[in-house]
Amino acid sequence: MSTFDTFPDPQSARRFPEPAAALRLIKPITWFPPMWAYLCGVVSSGASAEGKIELVILGVVLAGPVVCGMSQAANDWCDRHVDAINEPDRPIPSGRIPGRWGLWIALAMSVLSLVVGYQLGPWGFGATIFGVLAAWAYSAEPMRLKRSGWWGPGLVGLCYEGLPWFTGAAVLSAGAPSWQIIAIAALYAIGAHGIMTLNDFKALEGDRKTGVNSLPVTLGPQRAAKVACWIMAIPQIIVIGALTLWDKPWHALAITAVLIAQLAAMRFLLRDPKGKAPWYNGTGITLYVSGMMIAAFALRGLS
């Protein structure tokens, strides 16, 4: 199915989207990770926010409602045939967003992303261009990287955690972040691959039928969950080691405690990966992002 094909509309009489459906299309619940990562970047930079608070607020809005919201709209439009199998009540397959409105919303928000990103200077604008291109590369033909259980979650993890972190640090310090900041942001972005793999469990049936080779499809739920847990845990172990070497033992100890709590949650997850994945997304992920902010404060002390 082409990116521009109109999905058959069950409510053909509707001409305009339902406002509530348009809000659901951009999924406010997904905005938190990139907004949090941007704040981690701001904290880790060690730069004072005095006189730059508008850059902090604008960056948080850009990372969450604008770019992340745009990526969700683009993904729902490109996934409308999959959602008709997995979740037919979603805005586009249900007809509450009729015709090509889903596509127009995604394109309009892509332009808005670039306009807002331009206000953050060259580093922020460059990161925004990358984020917009990545969102479409993930969802749209002919690239549609989400077909791969390795490239797709990796790209989303990068854009949800690594890219906003890098952007927050670069914008506030008005320059390239230190190699330590880039390294820690990259490690948490790699770990986010596991988070995205767990998120794929909810689309297992539709992915099988439409040729999306997510890890739950190719490895099976049990093995995919184990791989996801390892991918989440190993980068955090490396972060703990790095902070210890950088003479930040208390921060390293705090992240160790957070990781131990995650390991306990992972044991519970592995008893029933498909059934417990939504639970872990609300519990284990909270612990994961808490460790990110602890690491950000440790990096602030290195600047």
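Residues numbered from 1 in each chain as written. Predicted model: local features only at pLDDT ≥ 70, side-chain atom pairs only at ≥ 80, totals over all residues. Heavy atoms only, no water.

### Brief notes about unusual backbone geometry
- Put simply, Glu141 and Pro142 share a cis peptide bond, and its omega is 5°.
- Here Pro142 lies in the loop between α6 (121–139) and α7 (151–173).
- Located in the positive-phi region is Arg144, a residue other than glycine, with phi close to 40°.
- Within the secondary structure, Arg144 is located in the loop between α6 and α7. (Helix = DSSP H or I, 4+ residues; strand = E, 2+ residues; numbered from the N terminus.)

### Details of helix α3 (residues 53–78)
- Taking 1.5 Å as the rise per residue, α3 with 26 residues should run 38 Å; its terminal C-alpha atoms sit 36 Å apart, in good agreement.
- Along α3, the sharpest change in direction is near 40° and occurs at Leu62; proline Pro65 comes one to four residues later. (Expected span 1.5 Å × (residues − 1). Bend = angle between axes of the 7 residues up to and from the residue.)

### A look at the pattern of salt bridges
- Within the structure shown, the criterion is met by eight salt bridges.
- Between Lys146 and Asp79 there is a salt bridge whose closest N-O contact spans 2.4 Å. Note that Lys146 is positioned in the loop between α6 and α7 and Asp79 in the loop between α3 and α4 (80–86), a separation of 67 residues in sequence. Residue Lys146 shares its accessibility class with Asp79, and that shared class is buried. (Salt bridge = Lys/Arg side-chain N within 4 Å of Asp/Glu carboxyl O. Buried < 20%, exposed > 50% of the residue type's maximum accessible area, 1.4 Å probe, protein only.)

### Points about the nonpolar core
- Ranked by internal contacts, the top residues of the largest apolar core, which has 83 residues, are Trp136, Trp165, Ile184 and Tyr188.
- Per-element tally for this core: the top contributor is α3, with twelve residues.
- Contacts of Ile184, omitting those with residues within four sequence positions, involve Trp165, Val239, Ala242, Trp246, Ala295 and Leu299. (Core = buried A, V, L, I, M, F, W, Y, C linked by side-chain atoms within 4.5 Å. Contact = heavy atoms within 4.5 Å.)

### Some words on α7
- Helix length check: α7, at 23 residues, gives a terminal C-alpha distance of 31 Å against a target of 33 Å (1.5 Å per residue), a fit within 8%.
- Bending of α7 peaks at approximately 40° at the position of Cys159.
- A large share of α7 lies buried, amounting to 18 of its 23 residues.

### Some remarks on a nonpolar patch on the surface
- Nonpolar side chains collect at one region of the surface, where Phe16, Trp101, Trp104 and Leu107 lie side by side and expose about 400 Å² of accessible area between them.
- Structurally, the position occupied by Trp104 is in helix α5 (residues 101–118).
- Owing to a relative accessible area of 41%, Trp104 belongs among the partly exposed residues under this scheme. (Patch = residues over 30% accessible without salt bridge, like charges linked within 9 Å, V, L, I, M, F, W, Y side chains within 5 Å. Areas by Shrake-Rupley, 256 points an atom, 1.4 Å probe, with all protein chains shown as cover.)

### A few points about the packing of helix α2 (residues 32–45) against helix α13 (residues 273–300)
- In contact at an axis separation of 7 Å, α2 and α13 are set at 15° when each is read in the N-to-C sense. Relative to α13, α2 is oriented roughly parallel. The chirality of how α2 crosses α13 is right-handed. When α2 is examined against α13, the residues Phe32, Trp36, Ala37, Leu39, Cys40, Val42, Val43 and Ser44 are found in contact with a partner set consisting of Val289, Met292, Met293, Ala296, Phe297, Leu299 and Arg300.
- Each residue belonging to the contact of α2 with α13 can be placed in one class, and the counts come to 13 nonpolar, one polar and one charged. (Axes fitted to C-alpha atoms, helices over the stretch in contact; angles between N-to-C directions. Parallel < 35°, antiparallel > 145°, perpendicular 65-115°, else oblique. Left-handed = near helix turned anticlockwise from the far one by under 90°. Nonpolar A, V, L, I, M, F, W, Y, C, P; charged D, E, K, R; others polar.)

### Here's the deal with the packing of aromatic side chains
- Counted by the stated rule, this structure contains nine aromatic pairs.
- Each ring, one from Trp179 and one from Trp246, has its centre 5.6 Å from the other, and the planes form 85°; the classification is edge-to-face. On the criterion of sequence distance, the pair formed by Trp179 in helix α8 (residues 179–199) and Trp246 in the loop between α11 (221–245) and α12 (249–271) is long-range, its members being 67 residues apart.
- Look at Trp179 and you get exposed, because its relative accessible area is 57%.
- Lying over the aromatic face of Trp77, Arg80 brings its terminal NZ or CZ to 4.0 Å of the ring centre. (Phe/Tyr/Trp six-rings, centres within 6.5 Å; stacked < 30°, edge-to-face > 60°. Lys NZ or Arg CZ within 6 Å of the ring centre and 35° of its normal.)

### Topic: the environment of Met109
- Residue position: Met109 is located in helix α5.
- Residue classification places Met109 among the buried positions, given a relative accessible area of 13%.
- C-alpha separation for the pair Met109 and Pro65, spaced 44 residues apart in sequence, amounts to 9.6 Å.

### Regarding the side chain of His193
- The topology assignment puts His193 in helix α8.
- On the basis of relative accessibility, which here comes to 8%, the residue His193 falls in the buried class.
- The contact partners of His193, leaving out residues within four places of it in the chain, are Gly149, Trp150, Pro153, Gly154, Leu215 and Ile231.

### Looking at the packing of α12 against α13
- Running from amino to carboxyl end, α12 crosses α13 at an angle of 175°, the nearest separation of the two axes being 9 Å. Relative to α13, the element α12 is oriented roughly antiparallel.
- Its residues placed into classes, the contact of α12 with α13 shows 19 nonpolar, four polar and two charged.

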